[in-house]
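Understanding the architecture of this molecule
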Amino acid sequence: MNELPMYGGQHTPQVDPNKEFSEQVAALGWKYFYSGDPSTAMKRFNQAWMFDRNSAAAFWGFGIIVGQRAQNGNTEKLLSQAIDLLTKAHELSPSNGKIAGDLALSYTFLGDHLAAQGKDGKKNYEKAEELFSDAYKREPTYPPIAANWAVLKFSVGDYQSARQLVTEAQKLGYSPDPEFLKELNEKEK
């Protein structure tokens, strides 16, 4: 239960709101996430949510972890859930370009998944494009936005734009996935 966003809806803790503590616990959640422990990170994001039910950081963390879980199966359902959680984070913090970029990437992944299933991913790609554009305006020097936008451009067959964005991300210090670069090189031939 404590490894599901908002305790899986199965537990409504009764605690006094404390935004400062929520922010501290969310920061700890990111620390665990970036150290490769998404299970403990989810527990910390749940605590952050428990102390602030409108914590953008908690919803952002929930969305990122659920999106990662989609790689292990139940892809469409989990990506849709990740999008819902990241949308909530984006609504709570609309000027945060990093959240918008992560939401855009989730839409890209859902579009890719649908396309691989022979379904139409176009609406997801269009939403991703809109969000990446907004994210880039807000955070033009944050390398993952350009790098992830390149993934979208690759997905829709705009290899020239994908190359430009990857190059820009590299200039900002980002190291793209070598497999992605290999696939991009092959498409550009």
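Here, every reference points to the structure presented above.
These notes cover the structure that comes with them.

Conventions adopted
- Residues numbered from 1 in each chain as written.
- Predicted model: local features only at pLDDT ≥ 70, side-chain atom pairs only at ≥ 80, totals over all residues.
- Heavy atoms only, no water.
- Patch = residues over 30% accessible without salt bridge, like charges linked within 9 Å, V, L, I, M, F, W, Y side chains within 5 Å.
- Areas by Shrake-Rupley, 256 points an atom, 1.4 Å probe, with all protein chains shown as cover.
- Salt bridge = Lys/Arg side-chain N within 4 Å of Asp/Glu carboxyl O.
- Lys, Arg positive; Asp, Glu negative; His and termini not counted.
- Charge placed at Lys NZ, Arg CZ, Asp CG, Glu CD.
- Helix = DSSP H or I, 4+ residues; strand = E, 2+ residues; numbered from the N terminus.
- Axes fitted to C-alpha atoms, helices over the stretch in contact; angles between N-to-C directions.
- Parallel < 35°, antiparallel > 145°, perpendicular 65-115°, else oblique.
- Left-handed = near helix turned anticlockwise from the far one by under 90°.
- Contact = heavy atoms within 4.5 Å.
- Nonpolar A, V, L, I, M, F, W, Y, C, P; charged D, E, K, R; others polar.

1. Looking at a negative patch on the surface
On the surface, D177, E179, E183 and E186 cluster together into a patch of negative charge. Within the secondary structure, D177 sits in the loop between helix 8 (159-171) and helix 9 (178-188).

2. A word on the packing of helix 5 (residues 97-116) against helix 7 (residues 143-155)
It is the contact of helix 5 with helix 7, at a shortest axis distance of 10 Å, that shows an interaxial angle of 25°. Accordingly, the angle class assigned to the pair helix 5 and helix 7 is roughly parallel. Considering only the axes of helix 5 and helix 7, their crossing is left-handed. From helix 5, G97, K98, L105, T108 and D112 reach across to helix 7, where they touch I145, N148, V151, L152 and S155. Of the residues contributing to the contact of helix 5 with helix 7, the split by class is 4 nonpolar, 4 polar and 2 charged.

3. Notes on unusual backbone geometry
Even without being a glycine, M6 presents a positive backbone phi close to 55°. Summarising the element assignment, M6 is placed in the segment before helix 1 (19-34). The backbone of N74 shows a phi angle near 55°, a positive value even though the residue is not glycine. On the secondary structure map, N74 appears in the loop between helix 3 (56-69) and helix 4 (75-92).

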